[in-house]
Amino acid sequence: MSLSELRPAAQALNHPAVFAYLHVPVQSGSDAVLGAMRREYTAAEFERVADTLLAKVPGLQLATDIICGFPGTSFFCGRARGCASVAGSSQPGAVAHRHDK
């Protein structure tokens, strides 16, 4: 979600017929890891989106994804604190999968 889309998104999420839930994947709290993942945003941009929407949409339920164990990261990498490994390896075909072996 681009920053220019935040106002209309907040307006839609505030509509009484809309459940205030949004899934915005961050993937990592480290800009270096996001770059290695070829993401086109920074951790600060994600924070700005999350903070803006949480301020503009009372009661917003905000969900995200954080990948733990991307090649070259430590268990507590970047801003993602307390993340736990859910799966033991990456999905076949993913960039990280080539590094599992």
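Computed from a prediction, not measured in an experiment: that's the story for all the values here.

So, the side chain of Gln27
Thinking step 1. Relative to the assigned elements, Gln27 resides in the loop between β1 (21-23) and α2 (31-36).
Thinking step 2. Of note is the side chain of Gln27, whose polar atom sits 3.2 Å from the side chain of Arg39.
Thinking step 3. Filtering out sequence-adjacent residues up to four positions away, Gln27 remains in contact with Leu34, Met37, Arg39, Tyr41, Asp65, Ile66 and Ile67.

Regarding the packing of aromatic side chains
Thinking step 1. Scanning all chains against the criterion turns up 1 aromatic pair.
Thinking step 2. Plain terms: the ring middles of Phe19 and Tyr21 are 6.5 Å apart, the flat faces sit at 20° to each other, and that makes the pair stacked.

With respect to unusual backbone geometry
The general pattern is negative phi for most residues beyond glycine and trans for most peptide bonds.
Thinking step 1. In this model, Gln27 sits at a positive phi of 75°, which is unusual for a non-glycine residue.
Thinking step 2. Of note in the backbone geometry, Arg38 takes a positive phi value of approximately 65° without being a glycine.
Thinking step 3. The topology assignment puts Arg38 in the loop between α2 and α3 (43-56).

Observations concerning helix α1 (residues 6-13)
Thinking step 1. For α1, the full list of buried residues reads Leu6, Ala9, Ala10 and Leu13. Within α1, the buried residues cover an arc of 100° as seen down the axis, which keeps them to one side. Opposite the buried face of α1, by more than 90 degrees, sit the exposed residues Arg7 and Gln11.
Thinking step 2. In this structure, the buried residues of α1 make contact with β1 and α3.

Section: the confidence of the model for the protein chain
Thinking step 1. Per-residue confidence for the protein chain gives a mean pLDDT of 76; residues scoring 70 or more make up 68%.
Thinking step 2. Within the protein chain, no element has a lower average pLDDT than α2, which sits at 85, and none a higher one than α1, at 92.
Thinking step 3. When the criterion is pLDDT under 50, residues 80-89 qualifies, and its contacts beyond four places in sequence or with other chains add up to 11 contacts.

Considerations on the packing of α1 against α3
Thinking step 1. It is the contact of α1 with α3, at a shortest axis distance of 10 Å, that shows an interaxial angle of 40°. In this structure, α1 meets α3 at a crossing whose hand is right-handed. Together, Leu6, Ala9 and Ala10 of α1 and Val49, Thr52, Leu53 and Lys56 of α3 make up the contact between the two elements.
Thinking step 2. Across the contact of α1 with α3, the residue classes break down as 5 nonpolar, 1 polar and 1 charged.

A closer look at α3
Thinking step 1. With 14 residues, α3 should reach 20 Å at 1.5 Å per residue; the first-to-last C-alpha distance of 20 Å fits that figure.
Thinking step 2. Regarding α3, the residues found buried are Ala43, Phe46, Val49, Ala50 and Leu53. Mapping the buried residues of α3 onto a view down its axis gives an arc of 125°, with all of them on the same face.
Thinking step 3. Close packing links the buried residues of α3 with α1, β1, α2 and β2 (61-63).

Basis of the calculations
- Residues numbered from 1 in each chain as written.
- Predicted model: local features only at pLDDT ≥ 70, side-chain atom pairs only at ≥ 80, totals over all residues.
- Heavy atoms only, no water.
- Helix = DSSP H or I, 4+ residues; strand = E, 2+ residues; numbered from the N terminus.
- Polar contact = N/O pair within 3.5 Å; in protein donor to acceptor, adjacent residues only side chain to side chain.
- Contact = heavy atoms within 4.5 Å.
- Phe/Tyr/Trp six-rings, centres within 6.5 Å; stacked < 30°, edge-to-face > 60°.
- Buried < 20%, exposed > 50% of the residue type's maximum accessible area, 1.4 Å probe, protein only.
- Arc of directions from axis to C-beta.
- pLDDT = per-residue confidence, 0-100.
- Axes fitted to C-alpha atoms, helices over the stretch in contact; angles between N-to-C directions.
- Left-handed = near helix turned anticlockwise from the far one by under 90°.
- Nonpolar A, V, L, I, M, F, W, Y, C, P; charged D, E, K, R; others polar.
- Expected span 1.5 Å × (residues − 1).

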